[in-house]
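Residue-level structure breakdown
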Number of protein chains: 2
Amino acid sequence: MGSPAKVLNGDTKERILAAAEKLFAEEGFARTSLRGITVEAGVNVAAVHYHFGSKEALLEALFARRAAPMNAERLAKLNDLEAASSGDVPPLEALIEAFIAPSFRMLEELDPAGPPASQLIARFFSEPEEIVQRLMREQFSDVGARYLATFTRALPDVGPREVAWRFEFMVAVLTHLLAGMHLIDVVPGATPGPADQPETIRHAVQFLAAGFRAPSKGAA
Amino acid sequence: MGSPAKVLNGDTKERILAAAEKLFAEEGFARTSLRGITVEAGVNVAAVHYHFGSKEALLEALFARRAAPMNAERLAKLNDLEAASSGDVPPLEALIEAFIAPSFRMLEELDPAGPPASQLIARFFSEPEEIVQRLMREQFSDVGARYLATFTRALPDVGPREVAWRFEFMVAVLTHLLAGMHLIDVVPGATPGPADQPETIRHAVQFLAAGFRAPSKGAA
DNA sequence: CCATGATTCAATCACCTGATTGAAGCGTAT
DNA sequence: ATACGCTTCAATCAGGTGATTGAATCATGG
């Protein structure tokens, strides 16, 4: 009746993917065992190697299933923005939202991917395994570079190096939010309260836009 | 001649702590084995259990050695600020720097703790082990609450919930910086270039202060 | 010099890990 | 019905893990 029970059969591959996504997101790659995954999925241990080949290959399949569409959506939104503001630079707030929203979309319960998917993406950012870091580099390098260039164009008064710093800060906020906001557990009063996806995005965009626009020089 | 070689003796406990700090920071708790630690330290495996009791207890000792002084410094700086601006609220930039700087101080090569210490703190934020999360809660709850309250007082026009959100964002930026700024590896052009500690702090404070001060309402 | 306590050592424990194997089960086309 | 290919299964493998033990070593005070 619970989740660890073989239902019928047939979708073994999908069940493994779902269980692995959940456990990798919650416990991390190193702490998650194939036994744990296959029990959660109600599947034999050997099924993982039959369908994927290895634990690492399972991770790669998981990564490809989530990160690729997410970044494709990022690029599409950027293209739309640049097409809309023909020739000119898109507005900063729209750029930030275009970069952030694709990750948050998966946080919705309604989304077929669901929260585990975005938590998994967030965990990828801090996983020490070198495969993970290689996959992140492959997936994010071009998208990140394109957005960074556009941000630099959108902020001519800030200076490219400063924009690069602030781009880092934006990614920091994004991953922190995807991970589930640890401070809720750490600082009791700090929980901003449950928020739906658009409200969270609104808070983040306001904060980040103001940060991006901050006057550049520090020395008076 | 390298690091994995017994030098003399005597400081076994310290050697274990140093090796564990380095490896935990680089590889995470789960991926780091006691064998790896003791080899790195040039020490027998049993020494860990003799001096600390268990792998988890070693982690606790490590945590106490770094996090406690760091948060003590945070509180001291906050007290100094509130004493300086007698009765009034300290300026926002000073508050941010007081919260951020204690973590960065350890990033300096000169500091006896060194970069591994701050990397370890950053990794604690994303470690799935429940001991880590418990330790984080114990250490950061009161400091975080005090700072959050002061930030709220310093930003009367923003509203407490909005301040809580932005406080989250600040912690996000801090941990991202402590972790070593992953984007440097992910997005080729994104590296802001090597920066010394005060410059990094300046970039972060500028960005965060502007974000904190952003006008609150989203609806026009 | 020796006795005592603190420390270090090699050896070993039970357990869990990812991986592999060969047989069994299954549906399907002949 | 039969034979074939895909899938699942229990059983097993070698290797690594944290932990523990008892003997050896060391330093120190009598």
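All values reported here derive from a predicted model rather than from experimental measurement. Numbers given for residues are sequential positions, taken from 1 along each chain in its written order. As they are written, the chains are lettered A onward and the ligands numbered 1 onward, keeping that order. Per-residue local features are limited, in this predicted model, to residues with pLDDT of at least 70; the limit for side-chain atom pairs, both in listing and counting, is 80 or more; totals at the level of whole chains, interfaces and linings are taken over all residues. As a convention, hydrogens and water are excluded, and side-chain values are obtained from all of the structure's heavy atoms.

1. Some remarks on empty space enclosed by the protein
In this approach, a probe sized like a water molecule rolls over the atoms, and the result shows the empty space that is left. Here is the rule: Here a cavity is any set of points on a 1 Å grid over the protein atoms alone where a 1.4 Å probe fits but cannot get out, and a pocket is any open set with protein on both sides within 12 Å along at least 5 of 7 lines; a residue lines the site when it has an atom within 4 Å of a point. Grid points are joined across faces, edges and corners, and a volume is the space filled by probe spheres set on the points. Polar here means any residue other than Ala, Val, Leu, Ile, Met, Phe, Trp, Tyr, Cys and Pro, which are nonpolar, and Asp, Glu, Lys and Arg, which are charged; Gly is therefore polar.
Following the criterion strictly, the structure yields three cavities of 30 Å³ or more and no others. Counted as a void, the largest cavity has a volume near 150 Å³. Forming the boundary of the largest cavity are 20 residues, of which Arg123, Glu127 and Pro128 of chain A together with Glu127 and Pro128 of chain B lie nearest the centre. Class assignment of the residues belonging to the lining of the largest cavity gives a composition of six nonpolar, four polar and 10 charged.

2. A closer look at the environment of Asp80 of chain B
What counts here: The numbering of helices and of strands both runs from the N terminus, where a helix is a DSSP run of H or I of at least 4 residues and a strand a run of E of at least 2.
Secondary-structure assignment places Asp80 of chain B in helix 4 (residues 55-84). Along the backbone, Asp80 of chain B and Ala98 of chain B are 18 residues apart, and their C-alpha atoms lie at a distance of 9.7 Å.

3. Description of the packing of helix 4 (residues 55-84) of chain A against helix 6 (residues 115-124) of chain A
Residue and element names in this part refer to chain A. Quick note on the threshold: Axis geometry follows a simple rule: fit a line to the C-alpha atoms, using only the stretch in contact for helices, then measure angles between N-to-C directions, giving values from 0 to 180 degrees. Our angle categories are set so that under 35 degrees counts as roughly parallel, over 145 as roughly antiparallel, 65 to 115 as roughly perpendicular, and the remainder as oblique. Contact definition: two residues touch when any of their heavy atoms are within 4.5 Å.
Relative to each other, helix 4 and helix 6 sit at 105°, their axes nearing to 11 Å. The angle between the axes of helix 4 and helix 6 places the two elements in the roughly perpendicular class. Contacts from Leu59, Leu62, Phe63, Arg66, Ala67 and Met70 in helix 4 reach Ala117, Leu120, Ile121 and Phe124 in helix 6. Looking at the contact of helix 4 with helix 6, its residues break down into nine nonpolar, no polar and one charged.

4. Section: the nonpolar core
Keep this limit in mind: Throughout, nonpolar core names a set of buried Ala, Val, Leu, Ile, Met, Phe, Trp, Tyr and Cys residues whose side chains join them through atoms within 4.5 Å. The rule is simple: take the accessible area with a 1.4 Å probe, protein chains only, and divide by the maximum for that residue type; under 20% is buried, over 50% is exposed, in between is partly exposed.
Within the largest apolar cluster, 136 residues are counted, with the highest numbers of intra-cluster contacts made by Ile37, Ile96, Phe151 and Leu208 of chain A together with Ile37, Ile96 and Phe151 of chain B. Among the elements that take part in this core, helix 8 (residues 160-179) of chain A stands out by supplying 12 residues, more than any other. Sequence-distant contacts of Phe151 of chain B, defined by excluding residues within four places in its chain, comprise Leu92, Leu95, Ile96, Val163, Phe167, Met170 and Phe212 of chain B.

5. Looking at the confidence of the model for chain A
Filter applied, for reference: pLDDT is a residue-level measure of predictor confidence that goes from 0 to 100.
Of the residues in chain A, 84% reach a pLDDT of 70 or more, and the chain-wide mean stands at 87. The low-confidence segment residues 1-8 of chain A (pLDDT under 50) makes eight contacts with residues lying over four places distant or belonging to another chain.

6. Let's talk about helix 10 (residues 197-212) of chain A
Definition in use: A helix is expected to span 1.5 Å multiplied by its residue count minus one.
Taking 1.5 Å as the rise per residue, helix 10 of chain A with 16 residues should run 22 Å; its terminal C-alpha atoms sit 22 Å apart, in good agreement. The buried count for helix 10 of chain A comes to 13 of 16 residues, which makes it a mostly enclosed element.

7. Structural notes on the pattern of salt bridges
Heads up, the rule is: By definition, a salt bridge exists where a carboxyl oxygen of Asp or Glu is found within 4 Å of a side-chain nitrogen of Lys or Arg.
Applying the stated criterion across every chain yields a total of 32 salt bridges over all chains. Glu138 of chain B serves as the salt-bridge partner of Arg134 of chain B, at 3.0 Å between the closest nitrogen and oxygen. Of this pair, Arg134 of chain B and Glu138 of chain B both sit in helix 7 (residues 130-154), separated by four residues, roughly a single helical turn. Judged by its relative accessible area of 48%, Glu138 of chain B is partly exposed. Each member of the salt-bridge network shares a partner with another, and the members are Glu14, Glu21, Arg65 and Arg66 of chain A.

8. A short note on the packing of aromatic side chains
What counts is decided by this rule: Aromatic contacts are taken between Phe, Tyr and Trp rings whose centres are within 6.5 Å, Trp giving its six-membered ring; a plane angle under 30 degrees counts as stacked, one over 60 as edge-to-face, and the others as tilted. Think of it as a cone above the ring: NZ of Lys or CZ of Arg counts as a charge over the ring if it is within 6 Å of the ring centre and within 35 degrees of the ring normal.
Considering all chains together, one arrives at 21 aromatic pairs over all chains under this definition. Taking NZ or CZ as reference, Lys55 of chain B lies 4.4 Å from the ring centre of Phe29 of chain B, over its face.

9. Here's the deal with the environment of Ala61 of chain B
Residue and element names in this part refer to chain B. One can find Ala61 in helix 4. Along the backbone, Ala61 and Leu17 are 44 residues apart, and their C-alpha atoms lie at a distance of 8.2 Å. Apart from residues lying up to four places away in sequence, Ala61 is in contact with Leu17 and Phe52.

10. So, the packing of helix 1 (residues 12-27) of chain B against helix 6 (residues 115-124) of chain B
Residue and element names in this part refer to chain B. Short version of the rule: Left-handed describes a crossing whose near helix is turned anticlockwise from the far helix through less than a right angle; right-handed describes the clockwise counterpart.
Relative orientation of the contacting elements helix 1 and helix 6 amounts to 45°, with a least axis distance of 8 Å. Between helix 1 and helix 6, the angle falls in the class oblique. Viewed along their axes, helix 1 and helix 6 form a crossing whose handedness is left-handed. Across the interface between the two elements, Glu21, Lys22, Phe24, Ala25 and Glu26 from helix 1 touch Pro116, Ala117, Gln119, Leu120 and Arg123 from helix 6.

11. Some points on helix 6 of chain B
In terms of burial, helix 6 of chain B is a largely internal element, eight of the 10 residues being buried. Every buried residue belonging to helix 6 of chain B is among Pro115, Ala117, Ser118, Leu120, Ile121, Ala122, Arg123 and Phe124 of chain B, and all of these are buried.

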